[in-house]
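# A look at the structure
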Amino acid sequence: RVSVWANSARVSRREGINMIIVGVDYSTKAIDLAFKGDDFWNNRRLIIGKDGIDKKFLETLRGELGAFTHAVKAVYIEKPWMNVGFGNSNPKTTMQMVAVATIVQMTGIMLGYRIEWAPVVSWRSKVFGKGKYTKAIAKGLAISWAQANTGLTIPNDNVADACCIAQYGAMMESENAQ
């Protein structure tokens, strides 16, 4: 299966991209991937069908994540969380979210990528600055940051979060290299 990004992968090789960080945000309805290279951004939204994750979806995920295998340094996945009584407190939804995160993790491992978990509080503090953010403020900051820094069309906060997670990953990689 050839990814729809095959041409992008060839362009990135020609332009000498030597490191790509993948940021991943997910829900029970979609997985958003953001690819950050040295001077390169791209994103992809994979919709989870009404029947859940099936073989075709897994093949698509593998194809999209595998499009840049020559240059991926790490995949940063938003760490699943549950806060009983607030937000994501439905046990069924929590189990679905953990399953989706695990599917992305296992796909990345199968492709030979290093997987890192990005706790929500950590990536927000690193990208936006220290502070406590309400859900609405965090969504607005993510969209504003992604629109200002990626050159991509940012249709929603999930795509923006994936971009911010990729930026967080790039910042962590840079710090760890020093």
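Scroll up a little and you will see the structure.
Here goes a summary of the coordinates provided. Fair warning: this is a prediction, and the values are worked out from it, not measured in the lab.

### What to know about the nonpolar core
Residues Val24 and Ile31 are the most contacted members of the largest nonpolar core, which totals 26 residues. Of all the elements in the fold, those that place two or more residues in this core are strand 1 (20-26), strand 2 (30-37), strand 3 (40-47), helix 2 (55-65), strand 4 (72-78) and helix 3 (91-110). In terms of nonpolar packing, the next biggest core, distinct from the first, is built from 24 residues, Ala146, Ile154, Cys164 and Ile165 among them.

### Brief notes about the sheet that holds strand 5 (residues 114-118)
Pairing is mixed across the open sheet formed by five strands, whose spatial order is 3-2-1-4-5. Edge strands, defined here as strands with exactly one partner in the open sheet, are strand 3 and strand 5. On average, each strand axis in the sheet is inclined to that of its neighbour by 20°, with strand direction left out of account. As judged from the six bridges shared by strand 1 and strand 2, these two strands associate in the antiparallel manner. Counterpart to Val22 in the pairing with strand 2 is Phe35.

### As for helix 4 (residues 120-128)
Within helix 4, burial applies to Val120, Trp123, Arg124, Ser125, Val127 and Phe128. Turning to helix 4, the residues buried within the fold contact strand 4, strand 5, helix 5 (135-149) and helix 6 (157-177). Positioned one or two residues after helix 4, Gly129 has a phi angle of 105°, which is positive.

### Details of the environment of Leu111
Of note, Leu111 is situated in the loop between helix 3 and strand 5. Along the backbone, Leu111 and Leu65 are 46 residues apart, and their C-alpha atoms lie at a distance of 8.1 Å. Contact partners of Leu111, with chain neighbours within four places excluded, come to Arg62, Leu65, Gly66 and Thr69.

### Re the pattern of salt bridges
Per the stated rule, a full pass over the model turns up seven salt bridges. In this structure, Arg45 engages Asp32 in a salt bridge whose closest nitrogen and oxygen atoms are separated by 2.8 Å. Of the two residues, Arg45 sits in strand 3 while Asp32 sits in strand 2, which places them 13 residues apart along the sequence. Shared partners join several salt bridges into a network, and the residues in it are Arg114, Glu116 and Glu173.

### Topic: the packing of helix 5 against helix 6
One way to put it is that helix 5 packs onto helix 6 with a least axis distance of 8 Å and a crossing angle of 70°. By the angle class used here, helix 5 and helix 6 are roughly perpendicular. Classified by chirality, the crossing of helix 6 by helix 5 is left-handed. Side by side, helix 5 and helix 6 meet where Lys139, Ala142, Ile143, Trp145 and Ala146 of the first sit next to Asp157, Ala160, Asp161, Cys163, Cys164 and Gln167 of the second. For the contact of helix 5 with helix 6, the per-class residue count stands at seven nonpolar, one polar and three charged.

The rules behind each value
- Residues numbered from 1 in each chain as written.
- Predicted model: local features only at pLDDT ≥ 70, side-chain atom pairs only at ≥ 80, totals over all residues.
- Heavy atoms only, no water.
- Core = buried A, V, L, I, M, F, W, Y, C linked by side-chain atoms within 4.5 Å.
- Buried < 20%, exposed > 50% of the residue type's maximum accessible area, 1.4 Å probe, protein only.
- Helix = DSSP H or I, 4+ residues; strand = E, 2+ residues; numbered from the N terminus.
- Pairing = 2+ DSSP bridges.
- Axes fitted to C-alpha atoms, helices over the stretch in contact; angles between N-to-C directions.
- Contact = heavy atoms within 4.5 Å.
- Salt bridge = Lys/Arg side-chain N within 4 Å of Asp/Glu carboxyl O.
- Parallel < 35°, antiparallel > 145°, perpendicular 65-115°, else oblique.
- Left-handed = near helix turned anticlockwise from the far one by under 90°.
- Nonpolar A, V, L, I, M, F, W, Y, C, P; charged D, E, K, R; others polar.

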